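Spelled out, the chains give:
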Amino acid sequence: MLDPSSSEDTGGESDPEVFPEAPRKAAGKPCGSSRTSGHSQPRQSTAPGGKTGAKDSGVSCGEEEERKERERREKEEEEERKMKLQIYVFVLRCVAYPFNAKQPTDMARRQQKVSVNKQQLQAVKERFLAFLNGETQIVADEAFCNAVRSYYEGFLKSERVSRMVQSGGCSASDFREVFKKNIERRVRSLPEIDGLSKETVLSSWIAKYDAIYRGEEDMRRQSQRAHLSAVSELILSKEQLYEMFQQILGIRKFEHQLLYNACQLDNVDEQAAQIRRELDGRLQLAEQIARERRYPQFVSADMEVLYVDELRSAVNLLMANLESLPVSKGGPDFKQKLKRSSMNNSFLDMGDEGDILSKSEVVLSFTLEIVIVEVQGLKSMAPNRIVYCTMEVDGGQKLQTDQAEASRPQWGTQGDFTTTHPLPSVKVKLFTESTAVLALEDKELGRVVLNPTTNGPKQAEFHRMVVPKSSQDTDLKIKLAVRMDKPPNMKHSGYVYALGQRVWKRWKRRYFVLVQVSQYTFAMCSYREKKAEPQELMQLEGYTVDYCDPQPGLQGGRVFFNAVKEGDLIMFACDDEQDRVLWVQAMYRATGQSYKPVPPPQNKTTNCRGGSLNQASPISLDPSQRQGVEELISAAPCHFDHAALFTILQKNTLQHRMKDSFSCLGWFSPGQVFVLDEYCARYGVRGCHRHLSYLKDLMECSENNVLVDPTLLHYSYAFCASHVHGNRKKYKELQHCSKIQPDGMGTVTVDEKEQFEAIRNRLIALLDNQITHFRYCFPFGRPDGALKATLSLQERVLMKDITTPVPPEDMKKLVQRCLEKAARINYSQLMEYAQIKGQRSFRSPEKRLEDLTRLGELCIEVLQQNDEHHSEAFSWWPELMAEHAEMFLFLYQADMDAALQIQPVDSWDSFPLFQLLNNFLRTDPHLCNGTFHKHLQDLFVPLVVRYIDLMESSIAQSIHQGFEQETWQSVNNGSATSEDLFWKLDALQLFVLDLHWPEPEFAKHLEQRLKLMASDMMEACVKRTKSAFDTKMQKASKTTDFRVPPSVCTMFNVLMDAKKQCSKLCVLDSGQEQQYHSKIDVLIDDAFKEMISSLVSKFAAVLDGVLSKLSRYDEGTLFSSILSFTVSSRSFFCPGRQGKPGMDVADTYITFVRQNQDILRDHINDELCIENMFEQWYTGSMKMVCVWLTDRLDLQLHMYQLKTLIKIVKKTYRDFRLQGVLDGTLNNKSYETIYNRLTVEEATAAVKAGDGLQGISMRDSEEEDD
């Protein structure tokens, strides 16, 4: 058979009689047996054994179980719903008449948190990436860009930040503080700039960061959002508290309004009486407990009597608080207000009596169009008489139509008017021109008075006119149209019956207008004719409108609807169903209520109670329908287990708090603290139970990765510990810092102690896990001080009581164990992040080394972050953080050793890894020369020694091969070989220097060895250069054709460069020159002097050859007369030669000097060397000429000798002076001797030969001959 719940022909409604029968049949006989013959045939056609019956039985039983489970769930949900409504009743009373607690004003201000759904985090990432890509208009320097790039890569892209955002404990302030901490370290490392302080730089960078973080949002809209979202952090009004706890407990608005009115929360006297009844009930309950001895189970039997005294003391305290309230504040018009915030003008402040709308604020403006078409029934007038019409509104300005004949009174004239009266009076009159001579006014033929509305007809209609008594036109009609436009702020209007408690206190038909005063303010106004201000008005904020049943005793109106609010109920009635629907829809839009009114069925317009219960209005005047509400409000509070109810209330409040827009970290808002405090005091919830429940909820949040402030856990735990251990004195010391009011309870129940011990063990495990995962529970040190507070709380929880402290060694061992676990967890997480684990065995040595270097960078970053963000929390045990770092590096050491072992022999690619790790370790005071650091040194010492050995051999070979093949072409400051040598030596020393070897002895050994090697290599370079120079000089010519080769100049440059490099490559950093450096310095100087001397000697040899030629003209020799004749003949037979014939020797030598000077000047790089060389050259030349003249002191110079010498000496003097030789050197004794001798010889020759010198003279004024 088919189960009734799945029957297709039942139309979806199952028979309630069938459900109980199914289990009885299943128990008595197979469920497949048929009740009717119509179903027996298909059953008989099945296979033997009744398998189909068994199948149907299984399906039917399964569906029955599902139905029962569904009913059970529905019943549980209904019970939970009823319980929350009951809790809400108690909360309403606490808010309406508080007499114990106040909203705290000294709580820490909470910051806006980043959205949990990561949308805001992603938007922030995109803004910073856009800045780095140059897509914003923010101008910044390179230093700020680097800081932002580091912040983006290290913080924003971190997975730990995403977890922190998901935990709900990350605020925009946390983002800002992390950036500020990063840039403070960067700015401190920048050099000082005159006129620009570092504080100015910091403030400028922070301002730019804020601009990037905000992006291009509309700041006005952002401030409005902050304005509305900040309400929960401020002191709230009653209406705001009502709305908050409606959301917390899931109470609908109309339910709140119904409970509000039923509880008479606006009646202060009723609330005070309710409190007195509650307190009396609690006293009776205490007496009953003492009489029947129904005590809770205490840890000590002596506490039973104390328990009753505590109950009585609590009630007496409440009575004293109630008695302290002044009686003068009572009365029906008194409405106690909580302290209001500066934001009481927000949309949450509904029903605030301080914001009552005045009549003058409701302003309406109407435009009327009056169109007069024609008049009919004008029979008593002559056809040619002139008639016209006038029109006016509310006795104001009159307008007149054109004139027309009485036979055709038609116009079509329109008049436009404006008025502020919703019910204006429109008068239209018909006149005819008076023919009497003395008539002052025209004769009125008829008039019509209309009261148009915005809902009136827009087409022209005939209206009967009122005529004078003497008129014969009794059937005079005028056709006109009055169009009254509805202003934008007028939402609906019409005639409605109304009856209220505060306004419209008489059941009467009135003209109502629904007016929109502002975006959030609507008013229901009633008007009289010719009145601009409403007679009465009702502000619609906080009201709920709905359809309702006709009310007996109210005459007038056929269909009803009402508007209800706390303390007020207004009944309306219309004559038309469609008009009611329009009114309800307009008011529903105006109130902004969440409950949407549902029109009753059309066939039951006069009775809205028909239909399903879900569609019936929850608000009714019939007391029989409010039985459930009466049960809630009339229940005696002393008969409830308020400890269990408060646990539900506090849990729901915490869940709501964790979901709001603030990073609360578990702290309640001031309004929530106020309500919870008032509830506990009013209904006797024990403080220990309150904080035990709070601890359970907070730990549940923490276990679900929601960030909770450990200080909050500490405060609640300290309260419970003080209560359970019975030491009130210790608690009083804690009272000031925790801001938790002691409940004065000296009794401790067994349940409280058991719960406390369970929570203590659970809290120890939770804190142990948080300390172990400190990088992920408190990423980047956020929230500020949370890790330190966690350690403090762990120490407090480990205390066996509140007086005996934990031994420091026990706490140290616990932290040490946690940090050891943390090292393994952090390294494992790092391996997963680097995506290295599980792939190492398949990678090449180069790839393994690359991965190892990347992993080392990440390890350093982790340790730096730990030191920057978490070291302060572990400042009590700095050695434990060092052990944690060593343990972390020990795990990295295993991977490092494995990767380095597979590297090829004589491979130097691992040195960057050493530099990376050593540069970090040597700057850390706890890790420098630690276990890992020493292992790292031991691992790389052989590699460094081997590398230096190979480099030394390579450099020595390059010197030998280089000088063998050297072409001595100039390259930079020397030759190709010397440049290569000095570069290699410098690069090797820089490499070793960049290693920053931490062990002083080995570092000193490396330095000394490199300096000695550089000295030896440089000595070899100098010797090979000197040898090549000597070879060049031996092959050089001694005639005036000799020109200094560029290669010789290159050799000079090599020596000078070697001398410069010597001070850098061969001197220790301490500045103490070693013996090997002195030797190479002397060697270079000696070689330099010898090379200059050799070159000057070559120049002297050329001059000696010139002087040897002139010696052939000495007086008294055989060749003297012959050579003199040759010179004369040459002068005679060469008439084309003008000037001074016979000066070839002098000209050749002067050209030799000048060209060599230019070569040396152009190719030698050192000016001092050139000056030294020129001084020696000049001095040697003058001395040689002086010696030559001295040898011929007794002889008179031949005319040719005299002319040649004069030209050579003068040109040489001037050329060397142009080259920068000093006057003291130029005018030496040799030159003066030469000058005097040649001057005397010149004078003698002038006397004997006349013009034989041909103008050549030692005088400076003579003409130069080129």
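Calculation notes
- Residues numbered from 1 in each chain as written.
- Predicted model: local features only at pLDDT ≥ 70, side-chain atom pairs only at ≥ 80, totals over all residues.
- Heavy atoms only, no water.
- Salt bridge = Lys/Arg side-chain N within 4 Å of Asp/Glu carboxyl O.
- Helix = DSSP H or I, 4+ residues; strand = E, 2+ residues; numbered from the N terminus.
- Buried < 20%, exposed > 50% of the residue type's maximum accessible area, 1.4 Å probe, protein only.
- Phe/Tyr/Trp six-rings, centres within 6.5 Å; stacked < 30°, edge-to-face > 60°.
- Lys NZ or Arg CZ within 6 Å of the ring centre and 35° of its normal.
- Pairing = 2+ DSSP bridges.
- Axes fitted to C-alpha atoms, helices over the stretch in contact; angles between N-to-C directions.
- Contact = heavy atoms within 4.5 Å.
- 1 Å grid on protein atoms, 1.4 Å probe; cavity = no way out; pocket = protein on both sides within 12 Å on 5 of 7 lines; lining within 4 Å.
- Points joined across faces, edges and corners; volume = space filled by probe spheres on them.
- Nonpolar A, V, L, I, M, F, W, Y, C, P; charged D, E, K, R; others polar.
- pLDDT = per-residue confidence, 0-100.
- Lys, Arg positive; Asp, Glu negative; His and termini not counted.
- Core = buried A, V, L, I, M, F, W, Y, C linked by side-chain atoms within 4.5 Å.
- Expected span 1.5 Å × (residues − 1).
- Polar contact = N/O pair within 3.5 Å; in protein donor to acceptor, adjacent residues only side chain to side chain.
- Parallel < 35°, antiparallel > 145°, perpendicular 65-115°, else oblique.

If you look the protein chain up in an unreviewed UniProt entry, it shows as Calcium-dependent secretion activator 2 from Gouania willdenowi.

Colleague: Which parts of the structure should I look at to understand the pattern of salt bridges?
Modeller: Note on pairing: side chains with opposite charge can pair once their charged atoms come close. Scanning all chains against the criterion turns up 45 salt bridges. Of the charged contacts, one joins glutamate 69 and arginine 73 as a salt bridge, the two residues approaching to 3.7 Å between their closest N and O atoms. Of this pair, glutamate 69 and arginine 73 both sit in helix H3 (residues 51-96), four residues apart, which is roughly one turn of the helix. Exposure remark for arginine 73: the relative accessible area of 41% places this residue in the partly exposed category. We note a salt bridge from glutamate 752 to arginine 686, for which the minimum N-O separation is 2.7 Å. Here glutamate 752 is found in helix H21 (residues 750-772), whereas its partner arginine 686 is found in the loop between helix H17 (670-683) and helix H18 (687-703), with 66 residues between them in sequence. What makes glutamate 752 buried here is its relative accessible area of 4%. Overall, the relative accessible area of 14% leaves arginine 686 in the buried class.

Colleague: Explain the packing of aromatic side chains to me, please; I cannot follow it from the model alone.
Modeller: Here a ring pair, both rings aromatic, is described through the centre-centre distance and the interplanar angle of the planes. The tally for this structure, following the rule as stated, stands at 60 aromatic pairs. Judged by centre distance (4.6 Å) and plane angle (15 degrees), the rings of phenylalanine 179 and tyrosine 209 are stacked. With a gap of 30 residues between them, phenylalanine 179 in helix H7 (residues 172-189) and tyrosine 209 in helix H8 (residues 198-214) connect regions that are remote in the sequence. A relative accessible area of 0% places phenylalanine 179 in the buried class. Ring plane angle 55 degrees and centroid distance 5.2 Å describe the contact between phenylalanine 254 and tyrosine 595, whose orientation is recorded as tilted. You can see phenylalanine 254 sitting in helix H11 (residues 253-263) and its partner tyrosine 595 sitting in the loop between helix H14 (577-591) and helix H15 (627-634), a full 341 residues away along the chain. An aromatic cluster is built from Phe128, Phe131, Phe144, Tyr151, Phe155, Phe175, Phe179, Trp205, Tyr209, Tyr213 and Phe780, whose rings are joined through pairwise contacts. Looking at lysine 208, its charged tip hangs above the ring of phenylalanine 144, at a distance of 5.6 Å from the centre.

Colleague: Looking at this model, I keep getting lost on the sheet that holds strand E13 (residues 536-539). Mind explaining?
Modeller: Strands in a sheet are paired, the pairing made by backbone hydrogen bonds, and the direction either parallel or antiparallel. Across the sheet, seven strands lie side by side as E13-E12-E11-E10-E16-E15-E14; this open sheet has antiparallel pairing. Of all strands in the sheet, those with a lone pairing partner are E13 and strand E14 (544-548), marking the two edges. Within this sheet the neighbouring strands show an average axis-to-axis angle of 35 degrees, counted without direction. Bridging between strand E11 (residues 508-516) and strand E12 (residues 522-527) involves six bridges; their strand directions are antiparallel. By the bridge assignment for E12, leucine 514 is matched with methionine 524. With respect to the sheet, H11 is in contact with E14, strand E15 (559-565) and strand E16 (568-574), its orientation differing from that of E15 by roughly 75 degrees.

Colleague: So what exactly am I meant to see when it comes to the environment of tyrosine 717 here?
Modeller: The residue tyrosine 717 is located in helix H19 (residues 710-725) in this model. Tyrosine 717 gets classed as buried once you look at its relative accessible area, which sits at 0%. Counting along the chain gives 42 residues from tyrosine 717 to isoleucine 759, while the straight-line C-alpha distance between them is 9.1 Å. Excluding residues within four positions of it along the chain, tyrosine 717 makes contact with Leu695, Phe756, Arg760, Leu763, Arg796 and Val797.

Colleague: Before we go on, may I ask you to explain the layout of surface pockets in this structure?
Modeller: The volume enclosed by the second largest pocket comes to roughly 1,400 Å³. Contributing elements (two or more residues each) for the lining of the second largest pocket: helix H5 (142-156), helix H6 (159-166), H7, helix H22 (774-777), helix H24 (808-834), helix H25 (845-870) and helix H26 (878-901). Sort the elements by how many residues they give to the lining of the second largest pocket and H25 lands first, with twelve residues. Partitioned by chemical class, the residues of the lining of the second largest pocket number 17 nonpolar, 16 polar and 15 charged.

Colleague: What should I look at first to understand the sheet that holds strand E8 (residues 461-464) in this one?
Modeller: The strand order across the open sheet formed by four strands is E5-E1-E9-E8, and the pairing between neighbours is antiparallel. At either end of the open sheet lies a strand with only one pairing partner, and these are strand E5 (410-419) and E8. The average undirected angle you get between the axes of adjacent strands in this sheet is 35 degrees. Sheet topology places E8 next to strand E9 (residues 477-484); four bridges connect them, and they run antiparallel. Paired with phenylalanine 462 across the bridge in E9 is lysine 479.

Colleague: Help me understand the confidence of the model for the protein chain, please; the structure alone is not making it clear to me.
Modeller: Interpretation of the predicted coordinates at a detailed level should be avoided for regions scoring low in pLDDT. When pLDDT is averaged along the protein chain, the result is 81; 82% of the residues meet or exceed 70. Confidence drops under pLDDT 50 across residues 604-625; counting only partners more than four residues distant or on other chains, this segment forms 32 contacts. Note on residues 727-742: pLDDT is under 50 here. Beyond four places in sequence and across chains, it has 28 contacts.

Colleague: Help me understand the pairing of strand E1 (residues 366-376), please; the structure alone is not making it clear to me.
Modeller: A regular strand places its side chains so that they alternate between the two faces of the sheet. Summarising the sheet, E1 and E5 pair through eight bridges and their orientation is antiparallel. Looking at the pairing, threonine 367 lines up with threonine 418 of E5. As defined by bridge partners, E1 adjoins E9 across eight bridges and the pair is classed as antiparallel. Note that in E9 the partner of glutamate 374 across the bridge is lysine 479.

Colleague: What's the story with unusual backbone geometry in this structure? I'm lost.
Modeller: Leaving glycine out, the prevailing phi sign among residues is negative, and the prevailing peptide bond configuration is trans. Even without being a glycine, asparagine 705 presents a positive backbone phi close to 65 degrees. Here asparagine 705 lies in the loop between H18 and H19. Assessed through its relative accessible area of 61%, asparagine 705 is described here as exposed.

Colleague: In this structure, what is going on with the side chain of glutamate 374? I would like to understand it.
Modeller: As for its placement among the helices and strands, glutamate 374 is situated in strand E1. Lacking a salt bridge, the buried glutamate 374 has lysine 479 as its closest oppositely charged neighbour, with an N-O distance of 4.7 Å. Apart from residues no more than four positions distant in its own chain, glutamate 374 is found in contact with Pro409, Gln410, Trp411, Phe462, Lys477, Ile478 and Lys479.

Colleague: For this particular structure, what's the right way to read the nonpolar core?
Modeller: Most often, soluble globular proteins have nonpolar side chains that are buried together. Tyr892, Phe1052, Leu1095 and Leu1238 are the most contacted members of the largest nonpolar core, which has 123 residues in total. When neighbours within four sequence positions are excluded, tyrosine 892 is seen to be in contact with Tyr827, Leu852, Leu855, Gly856, Cys859, Leu913, Leu917 and Phe932. Counting 70 residues, the second-largest nonpolar core is a separate cluster that includes Leu85, Phe245, Leu265 and Leu767.

Colleague: Hey, could you run me through helix H35 (residues 1167-1191) in this one?
Modeller: With 25 residues, H35 should reach 36 Å at 1.5 Å per residue; the first-to-last C-alpha distance of 36 Å fits that figure. The set of residues buried in H35 consists of Cys1169, Ile1170, Met1173, Phe1174, Trp1177, Tyr1178, Ser1181, Met1182, Val1185, Cys1186, Trp1188 and Leu1189. At the N-terminal boundary of H35, the capping side chain belongs to aspartate 1166, with an oxygen 3.4 Å from the backbone nitrogen of leucine 1168.

Colleague: Is there a simple way to explain the environment of phenylalanine 982 in this structure?
Modeller: Tracing the sequence through the fold places phenylalanine 982 in helix H29 (residues 976-995). Measuring from C-alpha to C-alpha, the distance between phenylalanine 982 and methionine 1018 comes to 8.4 Å, with 36 residues separating the pair along the chain. Phenylalanine 982 has contacts with Met1018, Asp1057, Ala1058, Gln1061 and Leu1065, leaving out every residue within four places of it along the chain.

Colleague: Help me understand the packing of H29 against helix H30 (residues 1000-1035), please; the structure alone is not making it clear to me.
Modeller: Contact pair H29 / H30: the axes reach a minimum separation of 10 Å and the direction vectors enclose 175 degrees. Taken together, H29 and H30 sit at an angle that is classed as roughly antiparallel. Residues Ser978, Leu981, Phe982, Leu985, Leu988, Gln989 and Val992 of H29 lie in contact with H30, whose contacting residues are Leu1006, Leu1010, Lys1011, Met1013, Ala1014, Met1017, Met1018 and Cys1021. Per-class residue counts for the contact of H29 with H30 are twelve nonpolar, two polar and one charged.

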